[in-house]
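As a plain string of letters, each chain reads:
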Amino acid sequence: MKVLLVGGGGREHALAWKIVQSPLLTQLWCAPGNPGIAEFAGCVAIGAEDIPGLVGFARENGVELVVAGPEAPLTLGLADACAEAGIPCFGPSAAAAMLEGSKAFTKEVLDAAGAPTAAWRRFDDPVAARDYVRVRGAPIVVKADGLAAGKGVVVAATLEEAEAAIADIMESRVHGAAGASVVIEECMMGEEASFFALCDGVRAVPMAAAQDHKRVGDGDTGPNTGGMGAYSPPPAFTDAMRDEVMTRVVEPVLAEMARRGSPFRGVLFVGLMLTATGPRVIEFNVRFGDPECQALMMRLKSDLLPALLASARGDLSGVELEWSADPSLVVVVAARGYPGAVTKGEPIGGLEKAAAIPGVRVFHAGTAQGADGAVVASGGRVLGIGATAPDLRTAREAAYAAVDALDWPGGFCRRDIAHRAL
Ligand code: AMP
Ligand code: GLY
């Protein structure tokens, strides 16, 4: 089978690594890919958001499955354009990708599905929003309704913070049009976990759970990031919780999406708060998490490709996924300054030495090929150092030994990935 993978980050490196292990694969291309992916796939210079370019390439090259890594091409209609061209695509239609694109839409679907989530209200008017938070009191959560690159959420400990967030989002428009309206939510307490389920529009197959580390600094301090590390499985997320999330969240949400005429295919990323009264939904994403995907792929024993194809074709019946009992973790190595401005172009040495450590896999995220062929840093999150071992402590030691084998003074990482489980 000929496959086109869309994206070029650490998540896509992990997906490419699994896909090339499939005996069904004849050829893999990645658009745009990265130097890590280029070691085993053809990287083509088409942007992940260039929908006509991607579909045109797929047609000309007889691609039999398009796999979307990030959400942007999905919200722009990649799956719809593939459907028109008669090419199966792993990932939802633009209409179903609204589960990531709009927080208010997601809350409506959750309520209609009867799924456990925080009480909420949506406001187009900052005055009404402020009145509401004064009535509800703090702590309270203020969210820009639209996509704000993961930065549109303020968990306000005080009323002043909540009111400042409303002013920033709705009046100063710090996230642009995404702040035309806000969603104000009850603040849920507990540990967070991300759970993933493959969906075909009707059925869902549970994958595994992982725990991300969103803050940039050790001990969960500093600004939010795209994720500084992840591990799987998180011990706080039990098998009973998984079953509860499948029956109370994933299955009813699939039914509700189908009822609305936009059935969900692809991977549903369920962001959960594990509260004292059980798991409750924080948010959905319509793609794998990054870096959660890297941790998941290191534990997946089954062939990924037929499962992706079955989801894309709308028939997951008979698909079951087998997971290694060995835990995995991934430590993100970022360029100094991340999540703010970073320096690009610095060479990264020691990659082979790091990859030679038993149990370790180096995933490229924000790297590029320098003029002399050397791998250089070219983004915020630059590498993901994955490791797996019979126990989490050993996996963590291996991952940090690999980090220490790198020769890149401009990089930094959190030193406490998986601290909640150790
Ligand atoms: P989101 O972009 O919706 O995932 O929110 C980003 C982060 O804000 C989440 O990972 C949580 O840590 C936090 N958060 C969002 N909604 C709530 C809520 N209702 N209660 C508590 N924390 C929340
Ligand atoms: N690591 C969080 C995300 O992918 O959204």
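Before any of the text, the structure's been laid out above.
Just so it is clear, the model here is predicted, and its values are computed rather than measured.

K.L.:
It is not clear to me how the site of ligand 1 should be interpreted in this structure. Could you clarify?
P.N.:
Around ligand 1, the surrounding shell holds 15 residues, and the nearest of these are E185, E186, M188, E192 and E283. Contacts to ligand 1 include E192, whose side-chain N or O atom sits 2.3 Å from an oxygen atom. K214 has a polar side-chain atom sitting 3.0 Å from an oxygen atom of ligand 1. When ligand 1 sits alone it has 470 Å² of accessible area, and the protein chains cover 89% of it. Looking at the shell around ligand 1, the elements that each hand over two or more residues are β7 (140-144), β8 (153-156), β9 (182-186) and β16 (278-285). The class makeup of the residues in the shell around ligand 1 is 8 nonpolar, no polar and 7 charged.

K.L.:
In this structure, what is going on with the site of ligand 2? I would like to understand it.
P.N.:
In the vicinity of ligand 2, the contacting residues are D212, G226, F269, N285, R287, G289, D290, P291 and E292. For ligand 2, an oxygen atom lies 2.9 Å from a polar atom in the backbone of D290. Here ligand 2 loses 88% of its free accessible area of 200 Å² to cover by the protein chains. Partitioning the shell around ligand 2 into residue classes produces 2 nonpolar, 3 polar and 4 charged.

K.L.:
Looking at this structure, how should I read the nonpolar core?
P.N.:
One broad rule of soluble globular proteins: the nonpolar side chains tend to lie buried together. If you look at the biggest cluster of nonpolar residues, it comprises 53 residues, and the most contacted ones within it are L4, V66, L78, L99, F195, V250 and V270. Among the elements that make up this core, the one with the highest residue count is helix α9 (residues 239-259) (8 residues). Apart from residues no more than four positions distant in its own chain, V250 is found in contact with F195, A197, C199, A204, V245, L268 and V270. By size, the runner-up hydrophobic cluster in this structure holds 42 residues, among which are L15, C30, A210 and F288.

K.L.:
What am I meant to see in the packing of helix α2 (residues 51-60) against helix α4 (residues 78-85) here?
P.N.:
If you want to describe how two helices pack, look at the angle between their axes and the distance between the axes. Where α2 meets α4, the axes come as close as 10 Å, and the angle between the chain directions of the two elements is 35 degrees. The two elements α2 and α4 meet at a crossing, and its hand is right-handed. Judged by residue contacts, I51, L54, V55 and R59 of α2 engage L78, A81, C82 and A85 from α4. Partitioning the contact of α2 with α4 into residue classes produces 7 nonpolar, no polar and 1 charged.

K.L.:
Could you clarify how one ought to interpret the state of the cysteines in this entry?
P.N.:
Where two cysteines share a covalent bond between their sulfur atoms, that bond is called a disulfide. Applying the stated rule across the entire model yields 0 disulfides. For the unlinked cysteine C199, the closest cysteine sulfur is that of C89, found at 14 Å. A residue is classified by how much of its surface remains accessible, and C199, at 0% relative accessible area, is buried.

K.L.:
Looking at this model, I keep getting lost on the packing of aromatic side chains. Mind explaining?
P.N.:
Aromatic ring pairs: the centre-centre distance and the angle between the two ring planes describe each pair. Per the counting criterion, the structure on display carries 7 aromatic pairs. Consider the rings of W29 and F57, whose centres lie 5.2 Å apart with planes at 85 degrees: the pair is edge-to-face. Taken together, the residues W29 in strand β2 (residues 27-32) and F57 in helix α2 connect sequence positions 28 residues apart. Ring pairs connect the aromatic residues F90, F196, F269 and F288, which therefore count as one cluster.

So, how was this worked out
Residues numbered from 1 in each chain as written. Chains lettered and ligands numbered in written order. Predicted model: local features only at pLDDT ≥ 70, side-chain atom pairs only at ≥ 80, totals over all residues. Heavy atoms only, no water. Near = heavy atom within 4 Å. Polar contact = N/O pair within 3.5 Å; in protein donor to acceptor, adjacent residues only side chain to side chain. Areas by Shrake-Rupley, 256 points an atom, 1.4 Å probe, with all protein chains shown as cover. Helix = DSSP H or I, 4+ residues; strand = E, 2+ residues; numbered from the N terminus. Nonpolar A, V, L, I, M, F, W, Y, C, P; charged D, E, K, R; others polar. Core = buried A, V, L, I, M, F, W, Y, C linked by side-chain atoms within 4.5 Å. Buried < 20%, exposed > 50% of the residue type's maximum accessible area, 1.4 Å probe, protein only. Contact = heavy atoms within 4.5 Å. Axes fitted to C-alpha atoms, helices over the stretch in contact; angles between N-to-C directions. Left-handed = near helix turned anticlockwise from the far one by under 90°. Disulfide = S-S within 2.5 Å. Phe/Tyr/Trp six-rings, centres within 6.5 Å; stacked < 30°, edge-to-face > 60°.

Just geometry here; none of it tells us what the structure is for.
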